[in-house]
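Structural overview
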Amino acid sequence: MTLDKDLRFALRQLRSHPGFTSVVLLTLGLCIGANTAIYSVLDAVLLRPLPYPQPDRLALLVTANLTHDSGDVNDRQTGALFEAVRRATPGLDVAADAGQNSVNFLYNGSPALVQEQRVSAGYFHVLGVAPWMGREFTRQDDVPHGPARVVISYDFWRHTMHSDRDVVGRDITLRGEPYRVIGVMPEAFRSPERSSLSQVSRPPVDVWTPLRPTADGEGGGSNYRVIARLKPGYSWPEVTGQLQALSRGLMEMPNFPRETRFFEERIIPLQGALARDSRQSLLLTWGAVLLVLLIGCVNIASLLMARAPSRVREIATRMAIGSSRAAIVRQLLMESLILALAGCGIGLLCGAYAADWLRQLGAVNFEVAHRIQLDGRVMAAMALLAVITSLVFGLLPALQVSRINIRAVLVESGRGIATGRNRMRSALVASEVALSLVLLVSAGLLLRTLEHFSSLRPGFDSHNLVVAETSLLDARYSSYDAVVHLYSEGLARIGSIPGVKSAAVALSLPYERPLNFGYRQLDGFSGAPPQSALAETIYVTPGYFETLGIPMLEGRTLRESDTAESAPVVIVSQSFARAAFGSAAKAIGHHVQLSTRAAREIVGVASDVQQHSGISGDAGPIAIEPTIYLPVGQTNIGWLNLVHVWFSPKWVVRTNVSPASLAPKIQSAIAAVDPQLPISNFRTMQDISGLYLREQRYTAALFSMLAGLGLVLAAIGLYGLISNSIAQRTHELGVRFALGATAWQIIGPTVWPALQLSLLGVAAGAILARVCTRLLSSMLWGVQPGDPLTFLSMAGLLLLIAGIASVVPCLRVLKMDPASTLRAD
């Protein structure tokens, strides 16, 4: 009954002060809305268990380098290692996949690209999910040159196969050959994918085909991801011991070099492994949004203290007639709780829209197995947060007001009662300024990082370029002549389209991640011959450098005469020439060897272009990488079949007309050469470059929004502090005006305390920001965490806003009528 009375009284109090109530609800709504959006991402990626049976028994096999102390691990394994683990770890069920790519699908004469994932036998068993219809792959399916089998997704079965209940046992045309459908996965099943903004996202998997793992070819490199499930009766320490024993014995096994003594096989929880790339970013943004909520709580506590003088006499009267201090505190906390819960409701509404905005901004690429959305888990967490929030911003003012001197208040009518609240409000406002500076500096550093990447010279002319892709992982393109015919005829037809200036094909394009391939420098070195090294390796057709506008610094470009019958040649990038030969000019005429093939003469040096960072992984999402360009006419079908497993070749067209108008014409040109070959994913080079800066744009935009919100809250706090000070000193200011004080003599002493608080807050905030921004170091490039320009500019911005917020309420003093003020008093 007492709580019921407290509730009704609290509602009356809040209704009687609509301005105060509105400001508090708006502040809470924005702060809790931001928390709702970020928490929905955090919950979907890090907190919600994977949607597989007993997800705590799932792990990912990784290789740790024992010579490094960084704890960095490689989550990709060779075919030989996968087979060794499968044989030597009885405590684990293991399966492997080779990632996801686009493959050709033909249905009723219409070609399309679908998403394929190649998986080993037992893959679905390890995840703990059985096919909805049919069966999964067996060891008999999963062998080199094994039968062509396919498992399809529920959505593919429903939309493409029109929910055909008899689809199991039928053939579909995939990769240019018939594949027998042996199973359909359940509707909710999704393959586990890595959570990362830095990776190019792909649509859900449509079909699964056998991996057919080997120890050479594709399996000779670290190209398999190995997922493990702990078998019943075993513990994680037991299988860790089995893996350690395996690691020690690898040197004695065939297919393993002696360098394996520096490596150790380990297992890490699957959910943690999938979220490893995004964990730090998510936790930092969660920390930033909690900081905004803390600023909001401080602001509301300050508003409650400002409101306290108007309630001192009421509370003193209640205590004089018998109310205990505990009852007063309980009633004031009831008001805070009502405000927090109402603000939570507004925040959930704002958070739903904010979560959609985050998904559009790029957070959708964080998703591992759950969709980012506002659900019961998120709502319950935010309700709990609202209760905690009410205690944070309501308890201190309630305790302070409850400690008033009853006799002094009733005798002196509340005037001049010193409760210490002004000093406490000043401390709260200074802390708001300090916390706001931390957010502003963080946002400034992230914006400087984005500016750094945006200002990098691309190395080519990115304007008026249209890009599309085709998959040549196809039985119809298993011969060298078929690939060369497609390229020559397709480019000739595309070149005849009105508005097309030139066209070419490449295995990958600038900003994308190329193929890492080993090479050996054969001459031109000083001292001992260098060991084999890695370089980005791209095959291209003649006209590639002209189409992209990549300048040739030395030598010549590729020619139509660079064929299998002519001397093997390559073109290298400027960074490759400098690293290997000292300068671009010295590279011409020297030779390199790719893998075990014949020596190739360097006939040209091209300008460097920005690429997705592969070899120099610490350079950021895009960087200059040493690159070798091969003429496609001097490759062989074995190598082409291997690289087409991982890459879909890109068709790049330079045009002087609208890029959007070319897509259907390019499709028609390719269809004239091969009606069964789909060409899709039409984009511009600006679209491609944007994909690889998505993480930087996401974090910069999010931190900027939070910093702006923190800045507004700090300004409101300062504005409220000065306004309250003026309200308390109205009589004094009226007297001073009546005695002839100038406007500056009135405004200056009133504003100065707020400016002092701002300077104090900025000083404290700079120290705090210097510590906190170190956490951002892995997300910064082109700028240091302690960058003085960023600190000074953000501090200047904060002081400017603080000055405006402090001066504005003082302008009302200039309109004061001293006579009216004195009569009113």
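Preceding block: the structure.
This section reports on the structure supplied with the text. Every value quoted in this text rests on a predicted model; they were computed, and no experiment measured them.

Rules behind the numbers
- Residues numbered from 1 in each chain as written.
- Predicted model: local features only at pLDDT ≥ 70, side-chain atom pairs only at ≥ 80, totals over all residues.
- Heavy atoms only, no water.
- Buried < 20%, exposed > 50% of the residue type's maximum accessible area, 1.4 Å probe, protein only.
- Helix = DSSP H or I, 4+ residues; strand = E, 2+ residues; numbered from the N terminus.
- Pairing = 2+ DSSP bridges.
- Salt bridge = Lys/Arg side-chain N within 4 Å of Asp/Glu carboxyl O.
- Core = buried A, V, L, I, M, F, W, Y, C linked by side-chain atoms within 4.5 Å.
- Polar contact = N/O pair within 3.5 Å; in protein donor to acceptor, adjacent residues only side chain to side chain.
- Contact = heavy atoms within 4.5 Å.

Our next topic: the pairing of strand β7 (residues 171–174). Here β7 shows a buried face lined by Ile172 and Leu174 and an unburied face lined by Asp171 and Thr173. When strand β3 (residues 92–107) meets β7, the two strands line up antiparallel, connected through two bridges. Paired with phenylalanine 105 across the two strands is leucine 174, which belongs to β7. The pairing of β7 with strand β8 (residues 177–184) spans four bridges and is classified as antiparallel. Note on β8: the bridge partner recorded for isoleucine 172 is tyrosine 179. Between β7 and β8, which pair antiparallel one after the other, the connecting turn spans two residues, and arginine 175 there sits at a positive phi close to 55°.

The next point concerns the pattern of salt bridges. The full count for this structure, using the stated rule, is 26 salt bridges. For the salt bridge of arginine 170 with aspartate 164, the shortest nitrogen-to-oxygen distance reads 2.4 Å. Exposure remark for arginine 170: the relative accessible area of 44% places this residue in the partly exposed category. Here arginine 448 makes a salt bridge to aspartate 787, at a shortest N to O gap of 2.6 Å. Note that arginine 448 is positioned in helix α13 (residues 421–454) and aspartate 787 in the loop between α23 (743–772) and α24 (788–814), a separation of 339 residues in sequence. Here arginine 448 falls in the partly exposed class, since its relative accessible area comes to 24%. The structure contains a network of salt bridges with shared partners spanning Asp43, Arg48, Asp375 and Arg377.

In this structure, Phe124 and Trp208 are the most contacted members of the largest nonpolar core, which totals 117 residues. With 16 residues, the single largest contributor to this core is helix α8 (residues 276–307). Residues Phe460, Ala504, Leu558 and Leu630 belong to the second largest nonpolar core, which totals 74 residues.

Turning to the side chain of threonine 389, a few remarks are in order. For threonine 389, the position within the fold is in helix α11 (residues 376–402). At 2.6 Å, the side chain of threonine 389 forms a polar contact with the backbone oxygen of leucine 385. When neighbours within four sequence positions are excluded, threonine 389 is seen to be in contact with Leu28, Leu293 and Cys297.

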